[in-house]
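# Close look at the chain arrangement
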Amino acid sequence: MFLWCVIIAPVLFFFLVVQYSAITFPFWDHCEFILDFAKLHDHTFRINDLWAAHNHSRPLTLTTIVLLNGLVTDWDIRSEYVYLLSSVIAGFAIQAYCIKKIAGRFNLTCLASTAALSVISFSPAGHNNHWWSFMIQLDLAHALIAFALVCICMGLRSWQHNVIAALACWAAAYTISNGLVAFAVAIVIVQLVQPSFLRLTWLALFWSLNLVLILVIYLPGLAETGPAITDPRSFAEFCLAYLGSPLVSMIAFPYHNMFDVPRAPTHWNEVVGALLLATACLTFVAKVKRKRSAEFTKPELLFVAFSLFAVGSAALTAWGRSQTADVGAVNANASRYTIFSSYLLYAFIYVALDSRVRFAQKSVPRAKGWAGVLTIAVGGAVFLLAAARTYTRSIGIYSEAHRFNNTLAVGFLHYRPEELRFAYPNAERLKLMVAELRRLRIGPYRYSPPYNLTIMDEVAENRLQDKFGVNGIKEDATLGTILFANPPSQFALSVSGNIRKISFDFGILDGALRTAPPTHAVTFAVLATNRAGVRIQLWKRTLDPLTQAGDRGIQHATVALDSPGGSEVIFETTAVTNPLNCWAYWRNIKILPRS
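Here is a short report on the structure shown in this document. If you're wondering where the values come from, they're calculated on a predicted model, not measured in any experiment. (Residues numbered from 1 in each chain as written. Predicted model: local features only at pLDDT ≥ 70, side-chain atom pairs only at ≥ 80, totals over all residues. Heavy atoms only, no water.)

### A few points about the packing of helix H4 (residues 80-103) against helix H5 (residues 108-121)
At a minimum axis separation of 10 Å, H4 and H5 run at an interaxial angle of 165°. If you check the angle between H4 and H5, you find them roughly antiparallel. Note that H4 runs across H5; the crossing there is right-handed. Residues Val88, Phe92, Gln95, Ala96, Ile99, Lys100 and Ala103 of H4 form the contact with H5, whose participating residues are Cys110, Ser113, Thr114, Leu117, Ser118 and Ser121. (Axes fitted to C-alpha atoms, helices over the stretch in contact; angles between N-to-C directions. Helix = DSSP H or I, 4+ residues; strand = E, 2+ residues; numbered from the N terminus. Parallel < 35°, antiparallel > 145°, perpendicular 65-115°, else oblique. Left-handed = near helix turned anticlockwise from the far one by under 90°. Contact = heavy atoms within 4.5 Å.)

### Notes on the sheet that holds strand S7 (residues 535-543)
Here we have five strands laid out as an open sheet, ordered S1-S4-S9-S6-S7, and antiparallel in their pairing. Unpaired on one side and paired on the other, strand S1 (463-466) and S7 mark the two borders of the sheet. Within the sheet, the average angular offset between the axes of one strand and its neighbour, ignoring direction, is 15°. Direction of pairing for S1 relative to strand S4 (residues 489-494): antiparallel, over a ladder of three bridges. (Pairing = 2+ DSSP bridges.)

### Focus on the pairing of S4
Judged by how many residues are buried, S4 sits mostly within the fold: six of six residues are covered. By the alternation rule, side chains of S4 split into Ser489, Phe491 and Leu493 and Gln490, Ala492 and Ser494, which are all buried. With six bridges connecting them, S4 and strand S9 (residues 568-575) associate as antiparallel partners. Looking across to S9, one finds that Ser489 is bridged to Thr573. (Buried < 20%, exposed > 50% of the residue type's maximum accessible area, 1.4 Å probe, protein only.)

### Brief notes about the pattern of salt bridges
Applying the stated criterion across every chain, the model contains eleven salt bridges. Between Arg233 and Glu237 there is a salt bridge, with the nearest N and O atoms lying 3.0 Å from each other. On the criterion of helical spacing, the pair formed by Arg233 and Glu237 is a turn pair, its members being four residues apart in helix H11 (residues 232-251). Where Lys431 meets Glu568, a salt bridge forms, and the shortest distance between an N and an O atom there is 3.2 Å. (Salt bridge = Lys/Arg side-chain N within 4 Å of Asp/Glu carboxyl O.)

Following this line, the structure appears as structure tokens:
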């Protein structure tokens, strides 16, 4: 009963913290999908945009899921967590099923192995893969890679198993580039069960052809490639820290906030990573020597496959990340990487399971048997206590993610740039993205009125200048909703390349003529910011209703955007002489998109 609770508790913890901490607004890399949705809406999306390069990979699978799901749900990001939860749980379920098949039944060995698997699979050491739906990229790849490796090892010489595994590897590689490592691992595994490792078999040839084919298709034109390795020491330190991170983070949770990449020395991670790697190598050598009299068992193949994948992922990630200026091996502490570095821990679960099954089949003295059981029990208890402490300490990280999501909500729903500065690193580009979200009425604005009816609100919220602090949206008994703009004032509207013209009403309230002193002349102007960030005046008109009867009442204008590549349009009012009682206003602002 206790072991069943240990198995289920991490799953429930994972499910609850995802519900609580999930980021449900566009954030960082996730914002890039806004441009893809705009292309789909404007019929400019190309099929090769699906596998366009992003951060050393071609996330075809992720892009397809996000776009198709977004079209169905108007990009309700909450729905993406269905795929995230399913991917992580599927990765666990695949391996749990594998453990059950090896153990044969739900005995103590099976439950203990599954409990260890559960604690590691849902560990908050990988919290970045929990609260951000963009991490479907890693979570789904994990499920596909785990399935492929299990399929190969459990199927051994079966062509059917290997073909299915190859399809999973292709899908994984086109989710994140770590999937490429699985092809190389497959070649080693199918050769390992042959009488001669160096003699190429048909299955090895099959996997080799798959590897060559995907490299030929995948690598050319990849936007980002790894830098030349100029510092082998940094490369080795990164790999060892990468491999040691899951276990060290389980014992001593090092993260202080949701974005934290602990910059403390990585020596402990490196030492633990080196010990794990050395133990894996020694275990493999022992298994190779034993193979002279017997073939590799399925758990042993799983041990080799998962170990090799962990080491290959460490090397691949180090190739792209270990040379980063002023960071180096510290990058290996990133919580998102633990999803693949944990494969080395999974490997030890399989080899321990195999050893226990073999031990149970042998006749050993009772005292020696009890000594082994006691050692495992004490070690397991220490591990569970450390894990329980880590799970508890991580609650603060998930709470911070919850608060951060509230900040993004305020920023998007009320369009407050100060709240959105953490959503995307380029503020000008973010303005364009928000404008596209409003135009398409997706994501945070899926329940908004049509875009033209919300432009006044967007302009009013993006206030650049308001000397007297009195301007903003107001309701007038005669004019209805107006944007009061007593000079000097400036309001900005983010635009995209699809907008060609802007139409609007403007004027000076009639009541300003009856004030003391009465209103003075006001100059209304529309400016645009071009690609170089230079403001260009597109239109200007001065109204003097006190002396010119034709300048009274509602005026109307339509302005063509001469620079459609610009990022924003600015509505400006200035007083010709005295700004006192110059009750200027804008009204009925509309955009006219590209026909």
